[in-house]
Amino acid sequence: MTPRWPNGKTFAFTLFDDTDLSTVANTGPIYELLTSLGMRVTKSIWTHNAVGKPHVGGDTCEDPAYRQWVLDLQRQGHEIALHNAADQSSERARTIEAFARFESWFGAMPRTTASHSGNRDALYQGPERLTGMRRALYNILTRRRHVGRFQGQEERSPYFWGDLCVGHVDYVRNFVFQDLNTLKSCPQMPYADATKPWSNAWFASSEAATPAAFRKHVTIDAVKQLEAEGGACILYTHLGAGFYRAAQGGFTTGFREVIEYVASRPGWFVPVATLLDHLRQSAPDARPYPLTDEERRRLEWKWLLEKVSSGKTS
């Protein structure tokens, strides 16, 4: 049954912004736009600089100016989330410190998180996302290059932090689907998965990692369909990945037009945790939905087949 959105709104729309490549210069204007349009979204951060060369680059909250900007976003109503401790693999001690820094700076522990895919401390990534024959097929397709790489959930690993996740974080991102209506792809969210116990609850998202992916999946027609379905979109993106380039005239082609169209419609534009809280409270006991074996199989097959069809199994 389609959830009834608050205040007579007909659909829900938000973003989970992975902090890769993010700087005040390349994402500040985007957040100014979102805020001016009444949208409140979720921005992830790194608490630590990389030691040596980072995986992808981007500012961290060790930079006082960047941290102040993120604090300003929080005061404006945006949610701040964690994207692992750093833009490189972090052993347990640094992750413990990351949670302490986060709480000190932002006044509470992060409610949502998403793993940085290049990190060994990523939680249930790569083949660990899957079970049974789907994991075996994934390993064949990727030539087993990710086997044993992601260890955030491995208790014997120096990268383990699953207990910290359960102790501090409400919601963890998992599957990313191509349909703009995330709730249609994953109607169970937020859900608990017995095969992945180091998370209190999981949520899915919709693909828009790059400007090209945004242009493909977040069209005016797709937004109209999302509204007609009364659905909910949690858009997975990297706003620092070229959505705004001052030297090239500002916003990438189509981004501003689509976001302004979304904002003109009667949607509910709240951060990820607020949206998931609403979905969770519609359950009889307000707990995360306990995913069944058959539901897990369907979600895993859908994610894997979409990955194969897109040519991106990494």
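Up top you'll find the structure we're talking about.
Worth saying up front: this structure is predicted, and the values here are computed from it rather than measured. (Residues numbered from 1 in each chain as written. Predicted model: local features only at pLDDT ≥ 70, side-chain atom pairs only at ≥ 80, totals over all residues. Heavy atoms only, no water.)

### Observations regarding the side chain of Asp20
One can find Asp20 in the loop between β1 (11-17) and α1 (24-36). Buried within the structure, Asp20 lacks any salt-bridge partner; its nearest side chain of opposite charge belongs to Arg173, at an N-O separation of 8.1 Å. (Helix = DSSP H or I, 4+ residues; strand = E, 2+ residues; numbered from the N terminus. Buried < 20%, exposed > 50% of the residue type's maximum accessible area, 1.4 Å probe, protein only. Lys, Arg positive; Asp, Glu negative; His and termini not counted. Salt bridge = Lys/Arg side-chain N within 4 Å of Asp/Glu carboxyl O.)

### So, the side chain of Thr237
Relative to the helices and strands, Thr237 resides in strand β8 (residues 232-237). A distance of 2.8 Å separates a polar side-chain atom of Thr237 from the backbone oxygen of Ala208. Those residues within four positions of Thr237 in sequence are excluded, and the remaining contacts are Leu15, Phe16, Asp17, Asp18, Ala208, Ala209 and Phe243. (Polar contact = N/O pair within 3.5 Å; in protein donor to acceptor, adjacent residues only side chain to side chain. Contact = heavy atoms within 4.5 Å.)

### As for the pattern of salt bridges
For the structure shown, the criterion picks out 20 salt bridges. Salt-bridge contacts for Glu97 lead to Arg101; the nearest nitrogen and oxygen are separated by 3.4 Å. Of this pair, Glu97 and Arg101 both sit in helix α3 (residues 92-106), separated by 4 residues, roughly a single helical turn. Residue classification places Glu97 among the partly exposed residues on the basis of a relative accessible area of 37%. For Asp179, the salt bridge goes to Lys184, with nearest N and O atoms at 3.2 Å. Exposure remark for Asp179: the relative accessible area of 26% places this residue in the partly exposed category. Judged by its relative accessible area of 41%, Lys184 falls in the partly exposed class.

### Looking at the packing of aromatic side chains
All chains considered together, the criterion is met by 18 aromatic pairs. Between the aromatic rings of Phe175 and Trp303, the centroid separation amounts to 5.7 Å while the plane-to-plane angle is 50°, which identifies the pairing as tilted. Note that Phe175 is positioned in strand β5 (residues 171-177) and Trp303 in helix α11 (residues 293-310), a separation of 128 residues in sequence. The two residues Phe175 and Trp303 agree in class, both being buried. (Phe/Tyr/Trp six-rings, centres within 6.5 Å; stacked < 30°, edge-to-face > 60°.)

### Here we look at the nonpolar core
Formed by 77 residues in total, the largest nonpolar core has its most connected members in Phe13, Met189, Phe214 and Leu235. Contact partners of Phe214, with chain neighbours within four places excluded, come to Ala208, Leu235, Phe243, Gly254, Phe255, Val258 and Ile259. (Core = buried A, V, L, I, M, F, W, Y, C linked by side-chain atoms within 4.5 Å.)

### Side note on the pairing of β8
Buried residues dominate β8, accounting for 6 of its 6 residues. Neither face of β8 is open: one carries Ala232, Ile234 and Tyr236, the other Cys233, Leu235 and Thr237, and all of them are buried. Where β1 lies against β8, 6 bridges are found, and the strand directions are parallel. Counted as the bridge partner of Thr14 is Ile234 from β8. (Pairing = 2+ DSSP bridges.)

All quantities given are derived from atomic positions and should not be read as evidence of function.
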